[in-house]
Amino acid sequence: MGTPVVLITGALTGIGRAAAVAFAKEGNRLVVSGRHEDAGQALLSELRGLGTEAEFIQADVRHDDEVRNLVDRVIDRFGRLDAAVNNAGTEGQQGAVTALTKESYAATFDTNVLGTVLSMKHELRVMQAQGHGSIVNISSTYGHEGAAGASIYAASKHAVEGLTKSAALEVARSGVRVNAVAPGPTETGMLNRFTGTAENKAALVSGVPLGRIGEPVEIANAIVFLASDKASFVTGQIFTADGGKTAG
Ligand SMILES: NC(=O)c1ccc[n+]([C@@H]2O[C@H](COP(=O)([O-])OP(=O)(O)OC[C@H]3O[C@@H](n4cnc5c(N)ncnc54)[C@H](OP(=O)(O)O)[C@@H]3O)[C@@H](O)[C@H]2O)c1
């Protein structure tokens, strides 16, 4: 079977970075992708320090040609793509629905939705031809709940869940699985930008039954499970990892 090859977008910080390290520790080969050469090289050194065969490829997921090139280069380098984590995302701009603009809509949807569409399009092209593969998209609890003041972010993540289920149905017979992980509040740069103040962050924590913010590695572990053959009968599912936030 050989050592699996895993591609992660938006891999240079937060959950994506934690996922890269978690996949490396499980013995996978990795292609980490992001927009910044310096941070990409730093992550690459860390992964290779763990004894992992890894590459960094620069790509902005909003651009079809960059995502096509990313996937083509994975195949050129490793000859296969076993799992892909479509993690690149933005919190976009907060604000009331009445204050939304075409530009703020596009700034969020172009990365969170178009980026997921383009990533799946090129990943599925090679996975279907291989006859196997596993895609994990990254949603949010706001992918199945409303978020007052963050409606465009919530709408974008609802779209990610719809795309996940639809793609899963479409490709199931080819041996490819498509799922999503929906994190609750997780300690990353995005959460701090999203909450803005310590008070807002504390208010978010108060809605988490486990009484704390999640760590990126806790989301990474869910991603690694869904991507792996241990989840071989799971497709079209949204796996929520949120400390119980949406259980009630
Ligand atoms: N943290 C949470 O509480 C939470 C909760 C639910 C869901 N999520 C989701 O988890 C995922 C990871 O977020 P995070 O919390 O780990 O935050 P993060 O550290 O900000 O990670 C997001 C990553 O995506 C990259 N990115 C943004 N736009 C991109 C683009 N157009 N092309 C390629 N890369 C791009 C960012 O890099 P740049 O530096 O280039 O912008 C960054 O490395 C996101 O999809 C997010 O929506 C997070």
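Heads up: the structure comes first, above all this text.
Residues numbered from 1 in each chain as written. Predicted model: local features only at pLDDT ≥ 70, side-chain atom pairs only at ≥ 80, totals over all residues. Heavy atoms only, no water.

**Student:** Can you lay out the pattern of salt bridges for me, pointing to particular residues and giving the numbers?
**Tutor:** The final tally for this structure, using the stated rule, is 14 salt bridges. The closest approach of N and O atoms between Arg35 and Asp60, which form a salt bridge, is 3.6 Å. On the criterion of sequence distance, the pair formed by Arg35 in the loop between strand 2 (29-34) and helix 2 (37-49) and Asp60 in the loop between strand 3 (54-58) and helix 3 (64-78) is long-range, its members being 25 residues apart. Note that Glu55 is salt-bridged to Arg77, the shortest N-O span being 2.8 Å. Remark: Arg77 occurs in helix 3 and Glu55 occurs in strand 3; sequence separation between them is 22 residues. The partly exposed category is assigned to Glu55, whose relative accessible area is 21%. Each of the salt bridges in this network shares a partner with another, and the network as a whole consists of Arg48, Glu53, Glu55 and Arg77. (Salt bridge = Lys/Arg side-chain N within 4 Å of Asp/Glu carboxyl O. Helix = DSSP H or I, 4+ residues; strand = E, 2+ residues; numbered from the N terminus. Buried < 20%, exposed > 50% of the residue type's maximum accessible area, 1.4 Å probe, protein only.)

**Student:** Tell me about the sheet that holds strand 2, residues and numbers included.
**Tutor:** Here 7 strands make up an open sheet; going across it, the order is 3-2-1-4-5-6-7 and the pairing parallel. Of all strands in the sheet, those with a lone pairing partner are strand 3 and strand 7 (238-241), marking the two edges. Pairs of neighbouring strands in the sheet enclose a mean axial angle of 20°, with direction left out of account. Of the pairings in the sheet, the one linking strand 2 to strand 3 comprises 5 bridges and is parallel in character. Following the sheet pairing, Val32 is matched in strand 3 by Phe56. Set on the sheet, helix 4 (residues 102-130) makes contact with strand 1 (5-8), strand 4 (83-86), strand 5 (133-138) and strand 6 (176-183); between it and strand 5 the angle comes to about 170°. Contacting strand 4, strand 5, strand 6 and strand 7, helix 8 (residues 216-227) runs over the sheet at an angle of about 165° to strand 6. (Pairing = 2+ DSSP bridges. Axes fitted to C-alpha atoms, helices over the stretch in contact; angles between N-to-C directions. Contact = heavy atoms within 4.5 Å.)

**Student:** How would you sum up the site of the ligand? Please name residues and give values.
**Tutor:** Neighbouring the ligand are 27 residues; Thr13, Ile15, Arg35, Tyr153 and Thr188 lie closest to it. At 2.9 Å from an oxygen atom of the ligand is found a main-chain nitrogen or oxygen belonging to Asn87. With respect to the ligand, the side chain of Lys157 contributes an N or O atom lying 2.9 Å from an oxygen atom. Relative to its unbound accessible surface of 880 Å², the ligand loses 90% to contact with the protein. Of all the cavities here, the one that holds the ligand is the largest pocket. Elements represented by at least two residues in the shell around the ligand include exactly helix 1 (14-25), helix 5 (151-171) and helix 6 (189-195). At 3 residues, helix 6 tops the list of elements feeding residues into the shell around the ligand. Taken together, the residues of the shell around the ligand sort by class into 10 nonpolar, 12 polar and 5 charged. (Near = heavy atom within 4 Å. Polar contact = N/O pair within 3.5 Å; in protein donor to acceptor, adjacent residues only side chain to side chain. Areas by Shrake-Rupley, 256 points an atom, 1.4 Å probe, with all protein chains shown as cover. 1 Å grid on protein atoms, 1.4 Å probe; cavity = no way out; pocket = protein on both sides within 12 Å on 5 of 7 lines; lining within 4 Å. Sits in = over half its atoms within 2 Å of the grid points. Nonpolar A, V, L, I, M, F, W, Y, C, P; charged D, E, K, R; others polar.)

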